[in-house]
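Reading the structure
Each chain, letter by letter, is given below.
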Amino acid sequence: MFFKKLNSAELWDKIQKLRDLIKREPSFKQRKCWNCCKDLNIYDFISDNVKFTPEYILKLWQTAFLEFHCCECYRELEKMN
Ligand SMILES: [Zn+2]
């Protein structure tokens, strides 16, 4: 759930905007973590990257050559570095 992370009006506005953008995106990608294959949620992604605009978040999300990982795998990766 992404709601627990909603702690600012700014983030809420961005999520609303992102929802509108996704509605207009005919080929919105379903993404899975490249490591554990867990389904990923774009709203978690924007919650963790509030500094980015919704347009930029969607652009990254839709980029074919980028791979994403879930929060758990990201934490594991950080530990290894
Ligand atoms: Zn994962």
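Keep in mind the model is a prediction, meaning the values are calculated, not measured.

1. Observations regarding the overall build of the protein chain
Scanning the protein chain from N- to C-terminus turns up four helices and zero strands. Element order for the protein chain, N to C, with α for helix and β for strand: α-α-α-α. Taken over C-alpha atoms, the radius of gyration comes to 13 Å for the protein chain, in line with the 12 Å a tight globule of 81 residues would show. For the protein chain, the spread of C-alpha atoms along the three principal axes comes to 35 × 30 × 20 Å. Counting only residues that meet the buried cut, the protein chain has 12% of its 81 residues in that class.

2. With respect to the packing of helix α1 (residues 9-23) against helix α3 (residues 54-62)
Where α1 meets α3, the axes come as close as 9 Å, and the angle between the chain directions of the two elements is 50°. Accordingly, the angle class assigned to the pair α1 and α3 is oblique. Judged by the sense of rotation from one axis to the other, the crossing of α1 with α3 is right-handed. Note on element contacts: α3 touches α1 through Pro-54, Glu-55, Ile-57 and Leu-58, opposite Lys-14, Lys-17, Leu-18, Leu-21 and Ile-22. Among the residues forming the contact of α1 with α3, the class breakdown is six nonpolar, no polar and three charged.

Cut-off values and rules
- Residues numbered from 1 in each chain as written.
- Predicted model: local features only at pLDDT ≥ 70, side-chain atom pairs only at ≥ 80, totals over all residues.
- Helix = DSSP H or I, 4+ residues; strand = E, 2+ residues; numbered from the N terminus.
- Rg over C-alpha atoms; globule rule 2.2 N^0.38 Å.
- Buried ≥ 20, exposed ≤ 12 C-beta atoms within 10 Å, placed from the backbone.
- Axes fitted to C-alpha atoms, helices over the stretch in contact; angles between N-to-C directions.
- Parallel < 35°, antiparallel > 145°, perpendicular 65-115°, else oblique.
- Left-handed = near helix turned anticlockwise from the far one by under 90°.
- Contact = placed C-beta atoms within 7 Å.
- Nonpolar A, V, L, I, M, F, W, Y, C, P; charged D, E, K, R; others polar.

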